[in-house]
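Each chain, written out:
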Amino acid sequence: MAEEKHHHLFHHKKQEEEKPIEAVTYSESTYGSDNLGGGYGETTEVYGTAASVDNFDYEKEEKKHKHREHLGEAGMAAAGIYALHEKHKEKKDPEHAHKHKIEEEIAAVAAVGAGGYAFHEKHEKKEAKELDEESHGKKHHHLF
């Protein structure tokens, strides 16, 4: 097997397989009354070129994902603390113990979701950092 295939979560495409974007074309068909015979007219505009795609700010993208990762971590901590608070209330308030148990479980699920979001953003940050290094000509040397 000359080339190993790596299976990634969500089946991300490799950089070599992606086609470069040259330009985005927007086309609109309209029915105009200003034409003497009436009928449809078409306008076509071009938004962006390959040069605008090359000027992408990877450092800004990395910073954005880092910020979102920290928000996910904060959400995970807050939901975890709320789950512990509800667990405490469950013991202190036996009349409404079932309500507190349900709220505790909901908070635990929210904490797991926030943790998953933080993990996802960490992966996106890593990807943006690798793209930034590739755009500046730095090469990765995999030793293992």
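Just so you know, these numbers come straight off a predicted model, no measurement behind them.

Definitions and cut-offs
Within each chain, residue numbers correspond to sequence positions counted from 1 in written order. Predicted model: local features are reported for residues with pLDDT of at least 70 only, side-chain atom pairs are reported and counted for 80 or more only, and whole-chain, interface and lining totals are derived from all residues. Hydrogen atoms and water are omitted, and side-chain values are computed over all heavy atoms in the structure. Only the stretch in contact is used when a helix axis is fitted, and all axes are lines through C-alpha atoms; the angle between N-to-C directions ranges over 0 to 180 degrees. Per the convention used, a helix needs a DSSP run of H or I reaching at least four residues, while a strand needs a run of E reaching at least two, with both numbered from the N terminus. Just so you know how the angles are binned, under 35 degrees is roughly parallel, over 145 roughly antiparallel, 65 to 115 roughly perpendicular, and the rest oblique. Should the near helix be turned counterclockwise from the far one by less than a right angle, the crossing is left-handed, whereas a clockwise turn marks it as right-handed. For this classification, the nonpolar set comprises Ala, Val, Leu, Ile, Met, Phe, Trp, Tyr, Cys and Pro, the charged set comprises Asp, Glu, Lys and Arg, and every other residue, Gly included, is treated as polar. The predictor attaches a confidence to each residue, called pLDDT, with possible values from 0 through 100. Take the residue count of a helix, subtract one, and multiply by 1.5 Å to get its expected span. For each residue, the accessible area found with a 1.4 Å probe, counting protein chains only, is set against the maximum for its type, and the residue is called buried under 20%, exposed over 50%, and partly exposed in between. Whether two residues are in contact is decided by their heavy atoms: any pair within 4.5 Å suffices. When a carboxyl oxygen of Asp or Glu is within 4 Å of a side-chain nitrogen of Lys or Arg, the pair counts as a salt bridge.

Participant: Break down the packing of helix α2 (residues 58-92) against helix α3 (residues 97-135) for me, citing the residues and quoting the values.
Facilitator: At a closest axis distance of 7 Å, the pairing of α2 and α3 adopts a crossing angle of 165°. In terms of axis orientation, α2 runs roughly antiparallel to α3. Note on packing geometry: the crossing formed by α2 with α3 is left-handed. Partitioned by chemical class, the residues of the contact of α2 with α3 number 15 nonpolar, seven polar and 20 charged.

Participant: I'd like a description of the confidence of the model for the protein, backed by residues and values.
Facilitator: For the protein, per-residue confidence averages 78 on the pLDDT scale, and residues scoring 70 or more make up 58% of the total. Here helix α1 (residues 50-54) stands out as the element of the protein with the lowest mean pLDDT, 50, in contrast to α2, whose mean of 95 is the highest.

Participant: Before we move on, could you go through α3 and cite the residues and values that matter?
Facilitator: Along its 39 residues, α3 runs 57 Å from first to last C-alpha, staying within 8% of the 57 Å computed at 1.5 Å per residue. For α3, the set of buried residues is H100, E104, A107, A111, A114, A118, E121, E124, A128 and D132. For α3, the secondary structure elements touched by its buried residues are α2. Downstream of α3 by a residue or two, G137 has a phi angle that is positive, lying close to 85°.

Participant: I'd love a proper account of the side chain of D132, names of residues and values included.
Facilitator: Summarising the element assignment, D132 is placed in helix α3. Under the relative-accessibility criterion, D132 is labelled buried at 11%.

Participant: Could you give an account of the pattern of salt bridges, naming the residues involved and the relevant values?
Facilitator: Using the criterion set out here, one finds two salt bridges in the structure. The salt bridge involving K64 is made with E61; its shortest N-O contact spans 3.4 Å. Taken together, the positions of K64 and E61, both in helix α2 and three residues apart, correspond to about one turn of that helix. Residue K64 is classed as partly exposed on the basis of its relative accessible area, which comes to 33%. The salt bridge partner of E69 is K125, with a shortest N-O separation of 3.1 Å. Here E69 is found in helix α2, whereas its partner K125 is found in helix α3, with 56 residues between them in sequence.

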